[in-house]
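Residue-level listing of the chains:
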Amino acid sequence: MAANALPIRFTELLQLTHTEIDQKSIGFNSCTLESDHYICVRQAIPEGANPEVIIVNLKNNNEIIKRPIKADSAIMHWYKQVIALKAQQRTLQIFDLGQKIKVNSNTMLEDVIYWKWYSPDSLGLVTENSVYHWNVFEQPSSTPQKMFDRNANLSGCQIINYRVNEDEKWMAVVGITQQQGRVVGQMQLYSRERGISQAIEAHAAAFGTVRLEGAPADTRVFTFAVRSAASAKLHVVEIDHQASNPPFAKKAVDVYFPPEAVNDFPVAMQVSQKYSVIYMVTKYGFIHLYDLETAACIFMNRISSETIFTTAPDSDSSGIVGVNRKGQVLSVSVDENTIIPYLLQNPANGALALKLASRAGLPGADNLYAHQFENLMASGQYTDAAKIAANSPRGFLRTPQTTARFQGLPSQGGWIDSSSTILWYFTGQGTTQ
């Protein structure tokens, strides 16, 4: 690996100003990104001209679709040719652009000040007082269902995100506001089962899952980041603990900001389920990568000189895409060929490198695994050796030769029973996959 090889792949997918999109249209209120499939822009137009929405299909050679649509807000479905439109802050309409039909519509009793697709079927709607969910494909006459009332801590905030976990039992509304010369982040975390909310100071948040060693099921976690007047922290906490799983110790680590970035703060977080990595983006264009299980910082660098105002996970949950104010559409993901060697440059990252390589089947740690396996075998720690073999990246230690070695272990005189060790090896109990 070259000495300067970075652990990420970073590419510019598109420059929006090269696709007939006006620079004035590239901003939080007029340019939306719900996935790595579509970008939707309400084009700024000269006075007297007809309004239009421009859709960029990132999965089809950046195909441009123009529609003469007047709306306060427009967001595309994650992957369908379906657009959600909002007019007069309360009138919501869903159209299938391919079939040229209206899918659903509804008029709210309150202004919708923020909305987004939180699943392939449903929209999350945040009003001044409440939060609603709307399954737009359930039936043409389906209406938004109220989930909970907004907390007082969000009063006066600009709502910048809404997150829902995979089983829709936990929700988080994130807002920001100016206080004493700095941008303060406020979040409302809501438990649907308990019917209670918690007010938390935070600028960005995300839900995720991680499989702990020895666990029969995934552990559900919630991660959030904040830059307060006194410090900057990233937190990872467990939600809905399952008795069969080992406990997850909550994590809180310092987030580094360069001295010149005195007013910088987190603006977005996405969790890669493929790698169990947290991507955190800041207002000044820095990207931070953290391990979801340990909250250890993997990498940090600046990727944009302009504010990245919107992000979304990519289709296979390996990285993120984002748009900055200059109109650059940026993609960041883990570089599978370099991240493990990059981590191993620091001996203190050995355990993290082993875990990440095992979890995602990444190259670069094979020698370390093989060395650890041989040391454990030599010292008679056969069950631990079986764990290393079972969890080895891409199963490179799961070979007939390894099986023969376990089968040849003595089974009396105080040694560990080889049959149970082999059973562990073949079933992979405790694997971090």
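Residues numbered from 1 in each chain as written. Predicted model: local features only at pLDDT ≥ 70, side-chain atom pairs only at ≥ 80, totals over all residues. Heavy atoms only, no water.

With an unreviewed UniProt entry as reference, the protein chain is termed Clathrin heavy chain, source organism Letharia columbiana.

**Student:** Help me get a handle on the packing of aromatic side chains, residues and values and all.
**Tutor:** Per the stated rule, a full pass over the model turns up six aromatic pairs. Plain terms: the ring middles of Phe207 and Phe222 are 4.8 Å apart, the flat faces sit at 35° to each other, and that makes the pair tilted. Residue Phe207 is found in strand β18 (residues 204–210), and its partner Phe222 is found in strand β19 (residues 219–227); the two are separated by 15 residues along the sequence. Consider the rings of Phe299 and Tyr342, whose centres lie 5.9 Å apart with planes at 80°: the pair is edge-to-face. With Phe299 in strand β25 (residues 297–302) and Tyr342 in helix α1 (residues 339–344), this pair connects stretches of sequence that are 43 residues apart. Taken together, the ring pairs in this structure connect Phe207, Phe222 and Phe224 into an aromatic cluster. The ring of Phe137 has Lys80 lying over it, and the distance from NZ or CZ to the ring centre is 4.3 Å. The ring of Phe257 has Arg227 sitting right over it, with the charged end atom 4.3 Å from the ring centre. (Phe/Tyr/Trp six-rings, centres within 6.5 Å; stacked < 30°, edge-to-face > 60°. Helix = DSSP H or I, 4+ residues; strand = E, 2+ residues; numbered from the N terminus. Lys NZ or Arg CZ within 6 Å of the ring centre and 35° of its normal.)

**Student:** Got a sec to walk through helix α3 (residues 366–378)? Specific residues and values, please.
**Tutor:** When the terminal C-alpha atoms of α3 are compared, their 18 Å separation across 13 residues agrees well with the 18 Å that a helix rising 1.5 Å per residue should span. Buried within α3 we find Asp366, Tyr369, Phe373, Leu376 and Met377. Down the axis, α3 shows its buried residues gathered within 100° of arc, on one side only. Opposite the packed face of α3, turned more than 90 degrees from it, sit the exposed residues Asn367 and Ala378. Backbone geometry just after α3 places Gly380 at a positive phi near 80°. (Expected span 1.5 Å × (residues − 1). Buried < 20%, exposed > 50% of the residue type's maximum accessible area, 1.4 Å probe, protein only. Arc of directions from axis to C-beta.)

**Student:** Talk me through the sheet that holds strand β24 (residues 286–291); I want residue IDs and the actual numbers.
**Tutor:** On the basis of which strands lie adjacent, the open sheet formed by four strands has the order β22-β23-β24-β25 and antiparallel pairing. Since the sheet does not close on itself, it has two edges, and those belong to β22 (266–272) and β25, each with one partner. Averaged over all pairs of adjacent strands, the angle between their axes in this sheet comes to 15°, without regard to strand direction. Where β22 lies against strand β23 (residues 277–282), six bridges are found, and the strand directions are antiparallel. Within the sheet, the bridge partner assigned to Ser272 lies in β23 and is Val277. (Pairing = 2+ DSSP bridges. Axes fitted to C-alpha atoms, helices over the stretch in contact; angles between N-to-C directions.)

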